[in-house]
Amino acid sequence: FSDVGLQLGDGTTPYVIVQNGTGTFLIDSLGLAGQVSASMSLQNIADVSLTAAVQVSINNRNASVNEAFMVGGQMLSLNLPAGPYVRVEATGVTLSVFGQSIGGNFLFEQVATNGPVPGKIVRVAASNISLNLGDGIVTLTNGNGALLLKDGGMAAHIGGTVALNVPGVQFQGTFNLSINNLTTSVDEQFMLGGETINLTVPAGPFISVEGTDVSLVVAGQTLRGDFKFEKSTAAGPDKMIGTLDDVAVIRVAAKNVELKLGDGTTDFVVVTQGQGALLINSAGMAGTLSGNVALNVPGITFTGTFGIAINNTIVAVDETFMVGDESVVLDLPAGPYVQVSGTNVQLEMLGQRLSGDFSFSKTTKAGVDRMFGTMDDQNVVAIGLNNIGLGLGDGTTEFVTVSGGQGALLITPAGLAGTISASVAINGIPDVEFSGRFGLSVNNTMAAVNEKIMVGGKE
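Keep in mind it's a predicted model, so treat the numbers as computed, not measured.

The rules behind the values
Residues numbered from 1 in each chain as written. Predicted model: local features only at pLDDT ≥ 70, side-chain atom pairs only at ≥ 80, totals over all residues. Heavy atoms only, no water. Helix = DSSP H or I, 4+ residues; strand = E, 2+ residues; numbered from the N terminus. Contact = heavy atoms within 4.5 Å. Phe/Tyr/Trp six-rings, centres within 6.5 Å; stacked < 30°, edge-to-face > 60°. Buried < 20%, exposed > 50% of the residue type's maximum accessible area, 1.4 Å probe, protein only. pLDDT = per-residue confidence, 0-100. Core = buried A, V, L, I, M, F, W, Y, C linked by side-chain atoms within 4.5 Å. Salt bridge = Lys/Arg side-chain N within 4 Å of Asp/Glu carboxyl O. Pairing = 2+ DSSP bridges.

If you tally the helices and strands in the protein chain, you get zero helices and 31 strands. Within the protein chain, contacts between residues at least 6 apart in sequence are counted, and of these 51% link residues at least 24 apart.

Here is the structure:
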């Protein structure tokens, strides 16, 4: 055969157009089988394009084909698996979706659908898929999965290996590429290559890379949870890299996040059920998360609402962007840090209650550890304090009030120690007036403490 053409679609609209094909067919009592080399293009699919050299395989027999025969003095061979099917295979080609290039191998099949309204769809097996999001910030390789062409659109779900090309940031785990340029969700099950494929994606249009129960290492800390990446463009000036040009950025939605701060043996601060948004570009990562916080220090309890702030860049971040339908505002000081903070929370220790704003950061103490008498560096948790208040009294009347406190605490396996400066006043004592700014010292360890620590970039 020569000048062979073929169209695959939904019965009304063609999506896969094959033309200028040449090939060989075999017809016998079992049916028809053949292969054709041709050119192919995708049409009538919004924001999707592909032009490639392809091979068309047809077999409407229930048996495989393994034949060699003479046609016009030329020996021809035909080897095909059992049918029935019509397949279009494109190897080593590039599929464009929303202007994003996806490389790989694609196999297209047209099949009839069952249901109240019979129709046709085009299903696609994808292998050796590669994707580059945000000028190389996020790359997916060795991808395999399935696509579906229907109703003038495309939906896909592809698993692969993800790498993050950002200084000081690393992801580990299994990720999936999801695509849907339809405005409706897709929930389909079909057979492809003898395998049952479940394709479930929410309404689009979007292209995203997502991972479930994966780990994110940033600023020396490990966060574990579910992360979803979407490509975007930030208008200048970009405060993360100091340029006026528009730059490619990756928006990240995060949920079910866990974070543990400690000394490598004991987790002093544990964050669970974290959720929020991150922004990634070539300079680094910044973002905020909210979650539940538990403090694991003997004799100390915290109550209140906490959040996680991340910035592994060396500049402040002031950005507003969309994640899904939600507007996210990032206003963070320069890093690098991973910090857990709470506003208007309460700390109970030694029978007293401090209220105020607290921030936790993991740090390393170098040199002689005076609390343990060792020369080894030690991982500890530093706490920054602001707007601290404390009342001392008899349970009914507070005779001494502490307000406007600020300072720092250090958590180690031995306990907690630190200093706070604050305004102090005496109340409820007849003919006694007393006020001024004092220092409050706290130490529930069994040893003296003499350390210098960094909190929020200050010593």
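This brings us to the packing of aromatic side chains. One pass over the full model with this rule turns up five aromatic pairs. When the centroid spacing of 5.1 Å and the interplanar angle of 75 degrees are considered together, the rings of Phe171 and Phe227 count as edge-to-face. Here Phe227 lies in strand β18 (residues 221-234) and Phe171 lies in strand β13 (residues 169-172), a separation of 56 residues in the sequence. Take Phe171: its relative accessible area is 7%, and that puts it in the buried class. Overall, the relative accessible area of 2% leaves Phe227 in the buried class. On the basis of an interplanar angle of 75 degrees and a centroid distance of 5.0 Å, the ring pair of Phe171 and Phe229 is categorised as edge-to-face. One end of the pair, Phe171, is in strand β13; the other, Phe229, is in strand β18, with 58 residues separating them in the sequence. Look at Phe229 and you get buried, because its relative accessible area is 0%.

Let us now look at the confidence of the model for the protein chain. Here the protein chain averages 80 in pLDDT, while 87% of its residues score no lower than 70. When the elements of the protein chain are averaged for pLDDT, strand β24 (residues 317-323) gives the smallest value, 72, and strand β3 (residues 31-42) the largest, 93. Contacts for the low-pLDDT stretch residues 366-372, under 50 throughout, to residues beyond four places or in other chains number 24 contacts.

This brings us to the nonpolar core. Generally speaking, soluble globular proteins have nonpolar side chains that are buried together. If you look at the biggest cluster of nonpolar residues, it comprises 97 residues, and the most contacted ones within it are Phe108, Leu149, Leu164, Leu177, Phe227, Phe229 and Phe360. Among all residues touching Phe360, those that are not within four sequence positions of it are Leu261, Val269, Leu295, Phe302, Phe306, Val338, Gln339, Val340, Val381, Ala382, Ile383 and Ile411. Within the second largest apolar cluster, ten residues are counted, among which are Val249, Val328, Leu330 and Tyr337.

The step from Gly83 to Pro84 runs through a cis peptide bond, and the omega angle for that step is 5 degrees. Following the sequence through the fold, Pro84 ends up in the loop between β7 (74-80) and β8 (85-97). A positive phi angle, close to 55 degrees, is found at Asn344, a residue other than glycine. Within the secondary structure, Asn344 is located in strand β26 (residues 337-349).

The subject of this paragraph is the pattern of salt bridges. In total, this model carries four salt bridges according to the counting rule given. Note that Arg61 is salt-bridged to Asp28, the shortest N-O span being 2.6 Å. Residue Arg61 is located in the loop between β5 (51-59) and β6 (65-71), and its partner Asp28 is located in strand β2 (residues 14-28); the two are separated by 33 residues in the primary sequence. On the basis of relative accessibility, which here comes to 32%, the residue Asp28 falls in the partly exposed class. Taking the shortest distance from any N to any O, the salt bridge between Glu109 and Arg87 comes out at 2.6 Å. Placement of the pair is Glu109 in strand β9 (residues 100-113) and Arg87 in strand β8, with a sequence separation of 22 residues. Summarising the burial analysis for this pair, Glu109 and Arg87 share the class buried. Each of Arg87, Glu109 and Arg123 takes part in salt bridges that share partners, so that together they form one network.

Glancing now at the pairing of strand β11 (residues 138-150). One ladder, built from nine bridges, connects strand β10 (residues 119-133) with β11; its direction is antiparallel. Paired with Arg123 across the two strands is Leu148, which belongs to β11. The hairpin turn running from β10 into β11, its antiparallel successor, is four residues long, and Gly134 in that turn takes a positive phi close to 70 degrees. Alignment of β11 against strand β12 (residues 153-164), held across eleven bridges, turns out to be antiparallel. By the bridge assignment for β12, Leu140 is matched with Val162.

Attention now moves to the environment of Ala52. Summarising the element assignment, Ala52 is placed in strand β5. For Ala52, a relative accessible area of 9% puts it in the buried group. Put simply, Ala52 and Ser39 are 13 residues apart on the chain and 5.8 Å apart in space, counted from C-alpha to C-alpha. Other than its neighbours up to four places away in sequence, Ala52 contacts Ala38, Ser39, Met40, Ala90 and Val93.

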